[in-house]
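Observations on the model geometry
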Amino acid sequence: MGKLAVRALRAVLVVVLAGTVFVQAGMVWALVSGNDPEDGSLPLTPLRLITILGMASAQVALVCVWRLVTMVRRGTVFSHAAFRYVDVMIGAIVAASLVWFAVTALNAPGQRDDPGVTVIMAGVGVAILGVALMVLVLRMLLAQAVARDVEAAQMQAELDEVI
């Protein structure tokens, strides 16, 4: 992986991480100030709490990507240590989908006249779960690569003994 690609990815990760922290801070401030509307509309406190949890799951995934990029740059990604970050990332993506389904459930009662919005939101939740499944498939590929790397190291050691 080239230095330019790593720097560009890290710049994007920093910007997204800063954005999620900014959103979380705004939600915490809004919770503390307690200015929910009293006009009978959807209560904002549950949505704010869900937003904070959703941003936290995104932050966990971002940190895992950062660590994996670091491992790629060092050439150590094909090791058992990488599985920890991939597994945590899968968990964070699944958590994000659950958070999205909670938002969908909170929003659904207000969409009785037009249930299409709820269906679309549920579809987005399923798509997020699909991303988790894609990362799971990539984890399986990583497992195969690590196994081949271990096998190659063993063969090299045997070859070194013969020579």
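To be clear, the structure that these remarks concern was listed above.
This write-up is about the structure you can find in this document.

What counts, and at which threshold
- Residues numbered from 1 in each chain as written.
- Predicted model: local features only at pLDDT ≥ 70, side-chain atom pairs only at ≥ 80, totals over all residues.
- Heavy atoms only, no water.
- 1 Å grid on protein atoms, 1.4 Å probe; cavity = no way out; pocket = protein on both sides within 12 Å on 5 of 7 lines; lining within 4 Å.
- Points joined across faces, edges and corners; volume = space filled by probe spheres on them.
- Helix = DSSP H or I, 4+ residues; strand = E, 2+ residues; numbered from the N terminus.
- Nonpolar A, V, L, I, M, F, W, Y, C, P; charged D, E, K, R; others polar.
- Core = buried A, V, L, I, M, F, W, Y, C linked by side-chain atoms within 4.5 Å.
- Buried < 20%, exposed > 50% of the residue type's maximum accessible area, 1.4 Å probe, protein only.
- Contact = heavy atoms within 4.5 Å.
- Expected span 1.5 Å × (residues − 1).
- Axes fitted to C-alpha atoms, helices over the stretch in contact; angles between N-to-C directions.
- Parallel < 35°, antiparallel > 145°, perpendicular 65-115°, else oblique.
- Patch = residues over 30% accessible without salt bridge, like charges linked within 9 Å, V, L, I, M, F, W, Y side chains within 5 Å.
- Areas by Shrake-Rupley, 256 points an atom, 1.4 Å probe, with all protein chains shown as cover.
- Salt bridge = Lys/Arg side-chain N within 4 Å of Asp/Glu carboxyl O.

**Structural notes on the layout of surface pockets**
In this structure, the largest pocket encloses a volume near 350 Å³. Taken together, 14 residues line the largest pocket, and the ones lying closest to its centre are Leu68, Val77, Val86, Leu138 and Leu142. Per-element accounting of the lining of the largest pocket gives the leading share, five residues, to helix α4 (residues 116–162). Here the lining of the largest pocket is built from residues that sort into 13 nonpolar, no polar and one charged. Approximately 160 Å³ is the volume attributed to the second largest pocket. For the second largest pocket, the full set of lining residues is Val16, Ser57, Ala58, Ala61, Leu62, Val65, Met89, Ala92, Ile93, Ala96 and Val131. Tallying contributions element by element places helix α2 (residues 44–74) first for the lining of the second largest pocket, with five residues.

**Observations regarding the nonpolar core**
One finds Leu68, Met71, Ala82, Val86, Met89, Val135 and Leu142 to be the most contacted residues of the largest nonpolar core, which totals 17 residues. For this core, the secondary-structure elements that each account for two or more residues are α2, α3 (81–107) and α4. It is α3 that provides the largest number of residues to this core, a total of eight residues. Apart from the residues within four sequence positions on either side, alanine 82 is in contact with Leu68, Met71, Val77 and Leu142.

**Overview of α4**
Given a rise of 1.5 Å per residue, 47 residues ought to cover 69 Å, and the 69 Å separating the end C-alpha atoms of α4 matches this to within 8%. Turning to α4, its buried residues are Thr118, Met121, Gly125, Ala132, Val135, Leu142 and Val146. For α4, the elements touching its buried residues are α3.

**Some details on the packing of α3 against α4**
Helix-helix packing is characterised by the crossing angle of the two axes and by the distance between the axes. Between α3 and α4, the shortest axis-to-axis distance is 9 Å and the interhelical angle comes to 170°. When the axis of α3 is compared with that of α4, the two are roughly antiparallel. Among the residues forming the contact of α3 with α4, the class breakdown is 25 nonpolar, five polar and two charged.

**Regarding a nonpolar patch on the surface**
On the surface, Leu133, Leu136 and Met140 cluster together into a nonpolar patch covering about 280 Å² of accessible area. Here leucine 136 shows up in helix α4.

**Examining α2**
Helix length check: α2, at 31 residues, gives a terminal C-alpha distance of 45 Å against a target of 45 Å (1.5 Å per residue), a fit within 8%. Glycine 75 sits one or two positions beyond α2 and adopts a positive phi of about 80°.

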